[in-house]
Amino acid sequence: MPAFASDPLAVVAAGIVGLCIGSFLNVVIHRLPKMLERSWRAECAELAGEPVADQPAYNLVTPRSQCPSCGHPISALENIPVLSYLFLRGRCSGCHAPISGRYPIVELLTAALTVAAVLRFGATPAGAAACLLLWALVALTFIDFDTQLLPDNITVPLLWAGLVVNAFGIMPGVSLRDAVIGAVAGYLSLWTVYWLFKLIRGKEGMGYGDFKLLAALGAWLGWRVLLPIVLLSAVVGAAIGICLTVFKGRDHQVPLAFGPFLAIAGAVALFWGKPLIALYLPG
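Now for a look at the structure at hand. (Residues numbered from 1 in each chain as written. Predicted model: local features only at pLDDT ≥ 70, side-chain atom pairs only at ≥ 80, totals over all residues. Heavy atoms only, no water.)

Right, let's get into the overall build of the chain. A tally of helices and strands in the chain yields nine helices and zero strands. Listed by position from the N terminus, the elements making up the chain come as α-α-α-α-α-α-α-α-α. The C-alpha atoms of the chain give 21 Å as radius of gyration, which agrees with the globular expectation for 283 residues (19 Å, within 12%). Judged by the C-alpha coordinates and their principal axes, the chain covers about 60 × 55 × 40 Å. Per-residue burial over the chain gives 39% buried out of 283 residues. A sequence separation of at least 24 residues applies to 69% of the contacts in the chain between residues at least 6 apart. (Helix = DSSP H or I, 4+ residues; strand = E, 2+ residues; numbered from the N terminus. Rg over C-alpha atoms; globule rule 2.2 N^0.38 Å. Buried < 20%, exposed > 50% of the residue type's maximum accessible area, 1.4 Å probe, protein only. Contact = heavy atoms within 4.5 Å.)

The next thing to look at is unusual backbone geometry. In this model, T62 is joined to P63 through a cis peptide bond whose omega is 0°. In this structure, P63 sits in the loop between α1 (8-47) and α2 (83-87). If you check the backbone angles, V82 has positive phi at about 65° while not being a glycine. Mapped onto the elements of the fold, V82 is located in the loop between α1 and α2. Unusually for a residue other than glycine, R89 sits at a positive phi of about 55°. Mapping R89 onto the fold places it in the loop between α2 and α3 (102-121).

This brings us to the environment of L176. Position of L176 among the secondary structure elements: in helix α6 (residues 176-201). Taking relative accessible area as the criterion, L176 reaches 39% and is therefore assigned partly exposed. Sequence separation between L176 and A128 is 48 residues; the distance between their C-alpha atoms is 18 Å. Ignoring any residue separated from it by four or fewer positions in sequence, one finds L176 in contact with L163, N166 and A167.

Along the chain, L276 turns up in helix α9 (residues 259-278). Separated by 108 residues in sequence, L276 and F168 have C-alpha atoms that sit 24 Å apart. Once residues lying within four places of it in the same chain are set aside, the contact partners of L276 are P228, V268 and A269.

With that settled, consider α3. Taking 1.5 Å as the rise per residue, α3 with 20 residues should run 28 Å; its terminal C-alpha atoms sit 28 Å apart, in good agreement. Taken together, the buried positions of α3 are P104, V106, E107, T110, A111, L113, T114, V115, A117, V118 and F121. If you follow the buried residues of α3, they end up packed against α1, α2, α4 (125-147) and α9. Where α3 ends, the next residue or the one after it, G122, has phi of about 85°, a positive value. (Expected span 1.5 Å × (residues − 1).)

This structure, assessed with the given rule, holds eight aromatic pairs. Both rings, one in F271 and one in W272, keep their centres 5.8 Å apart while their planes meet at 50°; by these two values the pair is tilted. With a relative accessible area of 14%, F271 lands in the buried category. An aromatic cluster of at least three residues, connected via ring pairs, comprises Y187, W191, Y194, W195, Y208 and F211. Against the face of Y58 rests R31, its NZ or CZ located 5.5 Å from the ring centre. (Phe/Tyr/Trp six-rings, centres within 6.5 Å; stacked < 30°, edge-to-face > 60°. Lys NZ or Arg CZ within 6 Å of the ring centre and 35° of its normal.)

Read these as spatial facts, not as claims about activity.
This is how it looks when you write it as structure tokens:
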């Protein structure tokens, strides 16, 4: 176990950093799809020769966070991860409208994954890289769950980051060669499944974002974990889909986002990649 794990203060510090990153990820999850939609609308208007209306700045920094119900600006004291939610009892201080419980869930999940990554890899470049990967997976999971989009703004930089990380030998047991093969094989494997499904069923079974996400996971973790990731994500996705159909009456004709299951399987492979690989590549 890394020496970091024996220092409680360091573990607490990792948790605090994770909470703060989780708070920022909530902004990314909420705003990035809206930013992309605004950009697409502007591009469509420009291509159609229509005037593009001037709109106020909207990005990850501007405007200031506010209550969606009453527009009450969120102060710094109301934006402390988890604690502010508890102090406000899950309601806006202005209009007392309920605040989604998903905000503290994302913050706590990010904090837990950050602590787990640093406990697993230590306060090292590998630990920092693992945190970066996990933070991106959290954002992609919730964005895809909400919108069925896996934005190129995250998946493509994540893929390149994985190649760069492994070019410097940062991730244990993953060479640059493994990373390049993993990126190519990850993309082509789901690309092939996509086209086979479309030829057989006459409709799309997944989006291009899924190809890019699996390519990114291959770039970070190497080609050997791709099979366990795909199998685990398929099993988890099928189980959740069946449960939603049986207990929630979900229409099975409505597509179920696959990105969250790839992200979950990728996180599992990050922590337990070697045992998973040993199941089908002994020795």
